[in-house]
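A structural walkthrough
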Amino acid sequence: MIVPQLWREAARFPATLAWSVTLLTLVSLTHLAQAVAIAWSMSAVLRGQAHDVLVALALIVGIALLRLVLCLAQASAAARLGGRVRQAVRRRAMRAALVSERLHDTAARDGSMRASLGDGVDGIDAYVSKYLPAVAQLLLTCPIVVAGLLALSPSAGLCVAAGVVLALLGPMAWKRMAARRGLDHWDSYEALSADLLESLRGMATLRTLGDVPGTRGRLDARSEALRRATERVMRVSLAETAVTDLAVQAGVVAASAAAIAHAVAGQAPSIEVYLILLLASEAFRPVRDLSRHWHAGFLGLTAVPGLDRLGAFAEQRATAPGHAASAVEGDRAPTERRAEELRVTGLGFRYPGAPDDVLRDLDLTARRGSLSAIVGASGAGKSTLFDLLLGFLTPHSGRIELDGRPLRPSDIAVVSQRPVLFAGTIRDNLAVTGPATEAELVAACHAAGILDEIRGFPNGFDTEVTEAGTSLSGGQRQRLALARALLARRPVLLVDEPTSALDAGRAANVIETLHRVARDRVVIMISHRPETLTEVAHVLRLDSGHLDRSAP
Ligand SMILES: Nc1ncnc2c1ncn2[C@@H]1O[C@H](COP(=O)(O)OP(=O)(O)OP(=O)(O)O)[C@@H](O)[C@H]1O
């Protein structure tokens, strides 16, 4: 069963692939040489030639040792090939997955993606490292054995050739059916992974809604669907194996019958009879190996369509301006940059499939020196505007410029309403945007109003933060995210409702910090709390896709 994407992946490493195939072919040749040596030793025993028996036995032992060495080298080459392909496919799949478009892709489920990136990519290893070299081995060694048998006994050769063809083509229909059912199996597996991940993430909400039994029931149903899909695949697999085995056994029995007929008729010397018997079995060895490796690589094979959809087999796409990747790259060692004016002109945007524009012909100017705030009813398009500024969405019309040139994602630092922290220490989380000295960390955390609390933790900046930052309060996460954004030293700072998780005192401190920060950069804040806007000179009201009043 040929999967073009996986062949192309293996072909990207021609030297490793060729080395693996060469070693596997040499291993096959040692089996053939051993068959010849065994036939010779048995015929020597029959003829009572003790010297020949000893030489043949020494040869058999020598060949077995050589094969051991070759097998070890082949296993290592195969593992190298599988590992390289896995790494390349996973790297490309991750690049394709970690793009800003995913933020707005309502069909994407993290659990499905995790299954594809994890088990799916691991699964293709067996297909690439074992199955592909086994195909090459079959094509190289089977014709040699069949030709040898034809030379020894045309009837035995024909029986074996027919058996090989039958063993390869006979189970094709079942293989195709197994591949189809395998796709259903993979879909069930992905769905279960996605549901499981979402249930774990939403456990607290599910508990408070009293939906834990319901969730358990849904997961049970998914699990049952996966069990049924697995059984269906196994049934077809069993039928496919039975057809292969039948063809193999029939070929060996027919060739043996031909050899026995020769022996009975006294047409051939004993060594030829033994050779026919042994080579008939050897001819089917690559077929049996191929069938075994096909089953081992089956999971990876079924993951291919999902990985393909993800873009794992596409050439690396050029990262368009505005993609999140470019916001991360190129900012390893940030240096302080200044900008005077962010200007938005004639901006228009509509979500795919939505009946109306979210933003229409929007003009906006925000300047360094004083804080700008955007307010507006829920659904007015404030977050959409931020996503357009960040390059997560592409506008249908209009321009976004910083000091007269197009705004780049790397110009912007952002503090979202629900900031994401990563597993690691507070220091790791602060240093995500680039290396920072202790003094810089202290200054940023002081400005964000979180320094005293960090110093109060037993390990200070080296305190571990749990995954998604759940070991910190909402307000602490928000202020840590503000410190992180300040450390990015970008000329534009976007802040989405920075005080939503803070009490009045802390909220006032953060707004004071933002006023201070706005002296060196353009700062735009989304706000829902009127009391935080008293000191803000430029309040921009977003209404039905327009701004009521833009900053002067
Ligand atoms: N991915 C999406 N696909 C389609 N429509 C969307 C999508 N995201 C948002 N919208 C719609 O776009 C409009 C603006 O949403 P947006 O999130 O920008 O509003 P907002 O002003 O930030 O609201 P809030 O103050 O409640 O956060 C809403 O009508 C929303 O339903």
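Fair warning: this is a prediction, and the values are worked out from it, not measured in the lab. (Residues numbered from 1 in each chain as written. Predicted model: local features only at pLDDT ≥ 70, side-chain atom pairs only at ≥ 80, totals over all residues.)

1. Observations concerning the UniProt feature "transmembrane region" (unreviewed entry) in the protein chain
In this numbering, the UniProt entry assigns the feature "transmembrane region" (unreviewed entry) to residues 54–82 and 155–174. A helix fraction of 100% and a strand fraction of 0% characterise residues 54–82, whose end C-alpha atoms lie 42 Å from each other. (UniProt positions renumbered as here; feature names shortened; annotations may be inferred. Helix = DSSP H or I, 4+ residues; strand = E, 2+ residues; numbered from the N terminus.)

2. Some points on the site of the ligand
Lining the immediate environment of the ligand, one finds 12 residues, of which Tyr351, Ser378, Lys382, Ser383 and Thr384 sit closest. With three residues, helix α13 (residues 382–390) is the largest single contributor of residues to the shell around the ligand. Classifying every residue of the shell around the ligand by side-chain character gives four nonpolar, seven polar and one charged. (Near = placed C-beta within 6 Å. Nonpolar A, V, L, I, M, F, W, Y, C, P; charged D, E, K, R; others polar.)

3. Section: the pairing of strand β4 (residues 397–402)
Pairing of strand β1 (residues 341–349) with β4 involves five bridges; the strand directions are antiparallel. Opposite Leu342, over in β4, you have Leu402 as the bridge partner. As paired elements, β4 and strand β5 (residues 405–406) share two bridges and run antiparallel to each other. Residue Glu401 lies in a different strand from β5, and its bridge partner there is Pro406. (Pairing = 2+ DSSP bridges.)

4. Here's the deal with the environment of Thr16
By the secondary structure assignment, Thr16 is in helix α2 (residues 14–47). Between the C-alpha atoms of Thr16 and Ala79, which are 63 residues apart in sequence, the distance is 9.9 Å. Setting aside anything within four residues of it in sequence, one finds Thr16 in contact with Ala77, Arg80, Leu81 and Arg84. (Contact = placed C-beta atoms within 7 Å.)

5. With respect to the packing of helix α3 (residues 50–97) against helix α4 (residues 110–152)
The N-to-C vectors of α3 and α4 enclose an angle of 150 degrees; their axes lie 8 Å apart at closest approach. One finds that α3 runs roughly antiparallel with respect to α4. Judged by the twist between their axes, the crossing of α3 over α4 is right-handed. Along the contact surface, α3 presents Ala78, Ala79, Leu81, Gly82, Val85, Arg86, Val89, Arg90, Ala93, Met94 and Ala97, while α4 presents Met113, Ser116, Leu117, Val121, Asp122, Ile124, Asp125, Val128, Ser129, Lys130 and Pro133. Residues of the contact of α3 with α4, tallied by class, amount to 14 nonpolar, three polar and five charged. (Axes fitted to C-alpha atoms, helices over the stretch in contact; angles between N-to-C directions. Parallel < 35°, antiparallel > 145°, perpendicular 65-115°, else oblique. Left-handed = near helix turned anticlockwise from the far one by under 90°.)

6. Remarks on unusual backbone geometry
Even without being a glycine, Asp403 presents a positive backbone phi close to 50 degrees. Tracing the backbone through its elements, the reader meets Asp403 in the loop between β4 and β5.

7. Notes on the nonpolar core
Membership of the largest hydrophobic core comes to 62 residues, with the highest contact counts inside it found for Ala483, Leu494 and Val523. The leading source of residues in this core is helix α17 (residues 474–487), at seven residues. Setting aside residues no more than four positions away along its own chain, Val523 makes contact with Leu371, Ser372, Leu493, Val495, Leu514, Val517 and Ala518. Membership of the second largest hydrophobic core comes to 37 residues, among which are Val85, Tyr131, Leu192 and Leu226. (Core = buried A, V, L, I, M, F, W, Y, C linked by C-beta atoms within 7 Å. Buried ≥ 20, exposed ≤ 12 C-beta atoms within 10 Å, placed from the backbone.)

8. A short note on the sheet that holds strand β2 (residues 359–367)
With antiparallel pairing, four strands are arranged side by side in an open sheet as β2-β1-β4-β5. Either end of the sheet is taken by a strand with one partner, and the two such strands are β2 and β5. Summarising the sheet, β1 and β2 pair through six bridges and their orientation is antiparallel. Each bridged residue has a counterpart across the sheet, and for Val344 the counterpart in β2 is Leu364. Against the sheet, α13 engages β1, β2 and β4, with an angle of about 115 degrees to β1.

9. Notes on α13
Of all nine residues that make up α13, eight are buried, and the element is covered over most of its length. Of the positions making up α13, those classed as buried are Lys382, Thr384, Leu385, Phe386, Asp387, Leu388, Leu389 and Leu390.

10. Brief notes about the environment of Lys175
Tracing the backbone through its elements, the reader meets Lys175 in helix α6 (residues 172–201). In this structure, the C-alpha to C-alpha distance between Lys175 and Trp294, residues 119 residues apart in sequence, is 9.5 Å. Ignoring anything within four residues of it in the chain, the contact list for Lys175 reads Met1 and Glu240.

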